[in-house]
Amino acid sequence: MPGFVMSSIGGMDKAILSKYLSLEQEKVQCMYVWIDGTGEYLRAKTKTVSIEPKDPKELPIWNFDGSSTYQAEGSNSDVYLYPVALYKDPFRGGKNKLVLCDTYKYNKKPTDTNNRHSCAEAMEKAKDAHPWFGIEQEYTLLDIDGHPLGWPKNGFPGPQGPYYCGVGADKVNGRDIVECHYRACLFAGIEISGTNAEVMPAQWEYQIGPCEGISMGDELWASRFMLHRTAEDFGVVASLDPKPMEGDWNGAGAHCNFSTAEMRAEGGLKAIEDAIERLSHHHVRHIKAYDPKEGKDNERRLTGAHETSSIHDFSAGVANRGCSIRIPRNVVEDGCGYLEDRRPSSNCDPYSVTEVIVRTTVLNE
């Protein structure tokens with residue numbers, strides 16, 4: 001029996017929608033956004049408020065049917081939404097907002113996929129180290145049938161080589177989506193620092209950061225929502241699968257760049273090397289934290305090929321993209337800076353990633 005495929009409505013006339021979005025509006029629409037029970041996907045619903053909020057604490061706690069998001073049983077289905085971050089809404093415009101939320105069970109304890117709670121505790125303990133992060137979010141654009149955007153339906157594009165940072169209709173697919181997402185993030189106030197076409201055709205990357213502490217997870221999850229929402233307008237799927245195409249094609253990661261105040265200061269290379277030494281003793285713990293299936297997703301990606309290290313071994317090197325940890329060459333030349341952990345998968349939870357890095361390298365846990 002064929003799998004169920006949603007039909008695309010991306011071709012709807014957006015001019016009709018624009019007519020309604022341009023109507024005068026006194027009250028404010030706040031779209032509450034949260035991570036569902038998969039730990040990978042996002043849900044959203046909208047509340048009307050009378051006054052434009054300036055801080056998430058000004059917004060009320062809300063709830064939703066957790067039995068429909070893999071977060072509760074039907075007999076006790078209410079799950080609470082606690083607003084934690086606020087952004088301008090690039091889709092509705094005006095005074096409207098996007099509201100990133102934490103999820104809590106009926107007993108006010110964090111849901112199983114609320115990794116922000118423990119991450120915030122770790123970041124509070126490590127705040128004097130001023131941990132900075134920058135995450136390189138890779139993703140793949142797919143047609144609604146799950147086939148990579150622009151790929152021949154009954155074949156494959158030419159081998160990898162000409163697509164990374166490529167220019168031209170025969171090199172890249174979906175640039176309009178990328179540009180719209182970039183502008184949406186800038187409008188919303190997301191700390192997006194760049195974007196580029198990736199090694200596999202229809203694969204792209206954008207970078208979020210530098211962000212300090214808990215804000216790294218907030219910014220990346222909010223930017224992911226905007227990515228999915230932007231792609232929706234085009235009738236296209238933005239996949240965070242770490243290995244969307246089997247064979248001689250690159251997978252997708254979320255490389256995490258990390259530093260502390262000590263690493264960024266003069267002579268900080270020693271602190272970077274010390275952090276790498278600590279990381280080397282906790283490879284398995286980090287692998288489990290670096291994808292939502294505790295390493296099962298990354299098994300398909302971290303093979304030692306296609307610019308990855310082996311999932312089974314820890315390694316580090318200067319300017320080596322085949323290592324677990326890369327020290328950029330300019331960092332060695334400057335004697336200070338940051339390290340890049342190349343192990344996190346594209347569908348990782350950034351709260352889990354940043355938390356375990358801080359606990360290992362700063363809190364020495």
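As shown above, the structure is provided for reference.
Cut-offs applied
Residues numbered from 1 in each chain as written. Predicted model: local features only at pLDDT ≥ 70, side-chain atom pairs only at ≥ 80, totals over all residues. Heavy atoms only, no water. Patch = residues over 30% accessible without salt bridge, like charges linked within 9 Å, V, L, I, M, F, W, Y side chains within 5 Å. Areas by Shrake-Rupley, 256 points an atom, 1.4 Å probe, with all protein chains shown as cover. Salt bridge = Lys/Arg side-chain N within 4 Å of Asp/Glu carboxyl O. Helix = DSSP H or I, 4+ residues; strand = E, 2+ residues; numbered from the N terminus. Polar contact = N/O pair within 3.5 Å; in protein donor to acceptor, adjacent residues only side chain to side chain. Contact = heavy atoms within 4.5 Å. Pairing = 2+ DSSP bridges. Axes fitted to C-alpha atoms, helices over the stretch in contact; angles between N-to-C directions. Buried < 20%, exposed > 50% of the residue type's maximum accessible area, 1.4 Å probe, protein only.

J.: Please explain a nonpolar patch on the surface as it appears in this structure.
T.: On the surface, Ile16, Tyr20 and Leu23 cluster together to form a nonpolar patch covering roughly 340 Å² of accessible area. Secondary-structure assignment places Leu23 in the loop between helix 1 (14–21) and strand 1 (28–35).

J.: Teacher, can you tell me more about the side chain of Asn257 here?
T.: Tracing the sequence through the fold places Asn257 in strand 10 (residues 254–259). Polar contacts involving the side chain of Asn257 include one to the side chain of Glu136, which spans 2.9 Å. Residues in contact with Asn257, not counting those within four places in the same chain, are Trp132, Phe133, Gly134, Glu136, Tyr338, Leu339 and Glu340.

J.: When you look at the sheet that holds strand 3 (residues 62–65) in this model, what are you seeing that I'm missing?
T.: Adjacent strands of a sheet form backbone hydrogen bonds with each other and so pair up, either parallel or antiparallel. The strand order across the open sheet formed by 5 strands is 2-1-5-4-3, and the pairing between neighbours is mixed. Looking at the sheet topology across the chains shown, the edges are occupied by strand 2 (42–49) and strand 3. Direction aside, the axes of adjacent strands within the sheet are offset by 40° on average.

J.: Before we go on, may I ask you to explain the pattern of salt bridges in this structure?
T.: Where charged atoms of side chains with opposite charge meet at close range, the side chains can pair. This structure, assessed with the given rule, holds 23 salt bridges. One salt bridge in this structure joins Asp145 and Lys153, with 3.0 Å as the shortest N-O distance. The class of Asp145 is partly exposed, set by a relative accessible area of 46%. The shortest N-O distance in the salt bridge between Arg359 and Glu365 comes to 2.9 Å. On the accessibility criterion, Arg359 (13% relative accessible area) is buried. Via salt bridges that share partners, Glu40, Asp241, Lys293, Asp297 and Arg300 belong to a single interconnected network.

So far we have only geometry, and geometry alone does not tell us how the molecule works.
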